[in-house]
Amino acid sequence: MQENFSLKPFNTFGVEAKAKYFIEVNSVDELIETLKHAHSQTLPLLFLGGGSNILLTKDFDGLAIKLNLKGISEKALNENEVLVTAKAGENWHEFVMSCLNKNYGGLENLSLIPGNVGTSPMQNVGAYGTEIKDIFVDCKVLNLETLEIETFNLEKCRFGYRDSIFKQKGKGKYVILEVSFKLTSKIHSIKTEYGAIKSELENLGITNPTIQDISKAVINIRQSKLPDPKEIGNAGSFFKNPTIPLAHFENLKEQFPNIQGYPNENFVKVPAGWLIEQCGWKGKQIGNVASHKLQSLVIINATGNATGKEIFDFSTLIIDSVKEKFGIELDREVNIL
Ligand code: EPU
């Protein structure tokens, strides 16, 4: 266990914040030992995965635990389906690539998402027409109170848009240890309905795409507009796309004929990136923080010297101006600490 430990390398925003104590655990037994110790000291806990969805606004006066559980295993279910299980500390994109190398389908639309496997169920990660709930079978978690291992199936996880039980009722109660997905091994279902994928495949001159082609298209799209956290600190989309009542959307449509929306019964999901851009934030920098010039939904540590507090304050300015112009309250997608 280390003391006064800098978490800068463990959050993709690259902000400085210190943990009073820090430990890296490589197995479930080590994790349980650590938790027993933490319980006896009544230390607050912070679990670190890939650090790609967290904003540290202050030092952490407790024990930060970096989950380093590694390993991928698989079991054929039938002629066309395989159950692949990855431990929480596996890097998400490397996991996706290892499945694609074996020609296992289902994860290709989720290529290049930053973070680790263990945090993917927390917010039901999603991109380009797929969410992990589409291929999720179950996850094993450690109950922090009983220190027993439990299994959460699809239903128990209560997945929603960027949401799950782990962000709601189960918040702070479990650590995800491993996740299992059902993937296809021979006949794949190809998802190209997301507009940007279609046009990227056209650019690549591909008419009959394989799962590897879809992955390539998604990687190209992401690289063309999302900043690489290794180069510019960021945590992907900072806000969720808001869902507003249809009547509110129709009012806005009269005032802003270009507004886009994806209707779902009496509600409409509106792209937050568009709202933020309309408020003049795209590419705008204040001090060390900016809204990305190609995707205004992504807030960046523009100089590399931003503090978490500065990033948080910048996000509040965005929320205020979107509220004022459109009457819509944006929700932060990133976990604030
Ligand atoms: N848009 C603008 N201006 C902007 C950004 C976007 O007008 O500055 C418009 C685009 O033109 C497009 C619409 O907004 O018509 C949607 O944009 P995009 O396809 O880039 O997707 P998004 O809704 O901004 C969501 C996810 C991303 C995911 C993409 C692709 C959320 C909060 N974000 O972004 O997820 O990669 O769709 O599926 O749902 C993440 O969660 O970190 C993330 C990157």
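Residues numbered from 1 in each chain as written. Predicted model: local features only at pLDDT ≥ 70, side-chain atom pairs only at ≥ 80, totals over all residues. Heavy atoms only, no water.

### Describing the overall build of the chain
When helices and strands are tallied, the chain shows eight helices and 20 strands. The C-alpha radius of gyration computed for the chain amounts to 21 Å, which stays within 12% of the reference 20 Å derived for 337 residues, consistent with globular compactness. Long-range contacts, defined here as pairs at least 24 residues apart, represent 60% of the contacts in the chain between residues at least 6 apart. Here the chain has roughly 16,300 Å² of accessible surface; of this, 48% comes from carbon and sulfur atoms. Across the chain, 37 positive and 40 negative side-chain charges occur, with their mean positions spaced 2 Å apart. (Helix = DSSP H or I, 4+ residues; strand = E, 2+ residues; numbered from the N terminus. Rg over C-alpha atoms; globule rule 2.2 N^0.38 Å. Contact = heavy atoms within 4.5 Å. Areas by Shrake-Rupley, 256 points an atom, 1.4 Å probe, with all protein chains shown as cover. Lys, Arg positive; Asp, Glu negative; His and termini not counted. Charge placed at Lys NZ, Arg CZ, Asp CG, Glu CD.)

### Focus: the UniProt feature "active site" (unreviewed entry) in the chain
The positions UniProt marks with the feature "active site" (unreviewed entry) are Arg162, Ser237 and Glu333. For the annotated residues, spread through 172 residues, the largest C-alpha to C-alpha distance comes to 10.9 Å, consistent with a single compact locus. The residue Arg162 is located in the loop between helix H3 (154–157) and strand E12 (174–184) in this model. When neighbours within four sequence positions are excluded, Arg162 is seen to be in contact with Gln123, Asn124, Val125, Gly126, Lys167, Lys240 and Glu333. Side-chain polar atoms of Arg162 contact the backbone oxygen of Gly126, separated by 3.1 Å. Filtering out sequence-adjacent residues up to four positions away, Ser237 remains in contact with Leu297, Val298, Glu333 and Val334. (UniProt positions renumbered as here; feature names shortened; annotations may be inferred. Polar contact = N/O pair within 3.5 Å; in protein donor to acceptor, adjacent residues only side chain to side chain.)

### What about the site of the ligand?
Around the ligand sit 22 residues in total, of which Tyr128, Tyr161, Gln260, Glu277 and Ser296 are the nearest. Between Asn241 and the ligand, the recorded distance is 2.8 Å, taken from a side-chain N or O atom to an oxygen atom. A distance of 3.4 Å separates an oxygen atom of the ligand from a polar side-chain atom of Lys282. When isolated, the ligand has an accessible area of 820 Å², and the protein chains bury 83% of it. Here the element with the most residues in the shell around the ligand is helix H7 (residues 272–278); it accounts for three residues. Across the shell around the ligand, the residue classes tally to eight nonpolar, seven polar and seven charged. Here the shell around the ligand gathers at least three residues from each of two domains, domain 2 (72–225) and domain 3 (233–336). (Near = heavy atom within 4 Å. Nonpolar A, V, L, I, M, F, W, Y, C, P; charged D, E, K, R; others polar. Domains from an automatic or database assignment.)

### Some words on the pattern of salt bridges
If you walk through the whole model with that rule in mind, you get ten salt bridges. Of the charged contacts in the structure, one is a salt bridge between Glu74 and Lys102, with a shortest N-O distance of 2.8 Å. Placement of Glu74 in strand E6 (residues 72–78) and of Lys102 in the loop between helix H2 (92–101) and strand E8 (126–127) is noted, with a sequence separation of 28 residues between them. With relative accessibility at 39%, the residue Glu74 sits in the partly exposed group. According to the relative accessible area criterion, Lys102 is partly exposed, its value standing at 44%. What emerges from the salt-bridge pattern is a single network uniting Glu131, Lys133, Asp134 and Lys191. (Salt bridge = Lys/Arg side-chain N within 4 Å of Asp/Glu carboxyl O. Buried < 20%, exposed > 50% of the residue type's maximum accessible area, 1.4 Å probe, protein only.)

### Description of the side chain of Asp213
Note that Asp213 resides in helix H5 (residues 211–225). Put simply, Asp213 is tucked away with no salt bridge, and the nearest opposite charge, on Lys216, sits 9.4 Å away. Polar contacts involving the side chain of Asp213 include one to the main-chain amide nitrogen of Thr210, which spans 3.0 Å. With sequence-adjacent residues up to four places away left out, Asp213 is seen in contact with Leu201, Ile206 and Asn208.

### Considerations on the nonpolar core
Counting 43 residues, the largest nonpolar core has Leu7, Phe239, Leu275, Ile276, Ile311, Ile318 and Leu330 as the members making the most contacts within it. Of all the secondary-structure elements, those providing two or more residues to this core are strand E2 (18–25), strand E3 (45–48), strand E4 (54–55), strand E5 (60–67), helix H6 (246–255), H7 and helix H8 (308–326). Element by element, the count of residues in this core is highest for H8, at six residues. Counting only domains with at least three residues in this core, you end up with domain 1 (2–67) and domain 3 (233–336). If you look at the next biggest cluster of nonpolar residues, it comprises 37 residues, including Cys99, Ile113, Val125 and Ile135. (Core = buried A, V, L, I, M, F, W, Y, C linked by side-chain atoms within 4.5 Å.)

### Quick notes on the sheet that holds strand E13 (residues 233–237)
Spatially, E13-E19-E18-E17 is the arrangement adopted by the four strands of the open sheet, whose pairing is antiparallel. Both outer strands of the open sheet, E13 and strand E17 (285–286), are each paired with one neighbouring strand and no more. Two elements, strand E18 (residues 289–291) and strand E19 (residues 298–301), share three bridges in a ladder whose sense is antiparallel. Paired with Val289 across the bridge in E19 is Asn301. The strands touched by H8 are E17, E18 and E19; relative to E18, the strand with the most contacts, the crossing angle is about 35°. (Pairing = 2+ DSSP bridges. Axes fitted to C-alpha atoms, helices over the stretch in contact; angles between N-to-C directions.)

### Regarding the packing of helix H4 (residues 195–204) against H5
At a minimum axis separation of 9 Å, H4 and H5 run at an interaxial angle of 105°. One way to sum up the angle between H4 and H5 is to call them roughly perpendicular. When H4 is examined against H5, the residues Ala196, Ile197, Glu200, Leu201 and Leu204 are found in contact with a partner set consisting of Asp213, Ile214, Lys216, Ala217, Val218, Asn220 and Ile221. In the contact of H4 with H5, the residues fall into eight nonpolar, one polar and three charged. (Parallel < 35°, antiparallel > 145°, perpendicular 65-115°, else oblique.)

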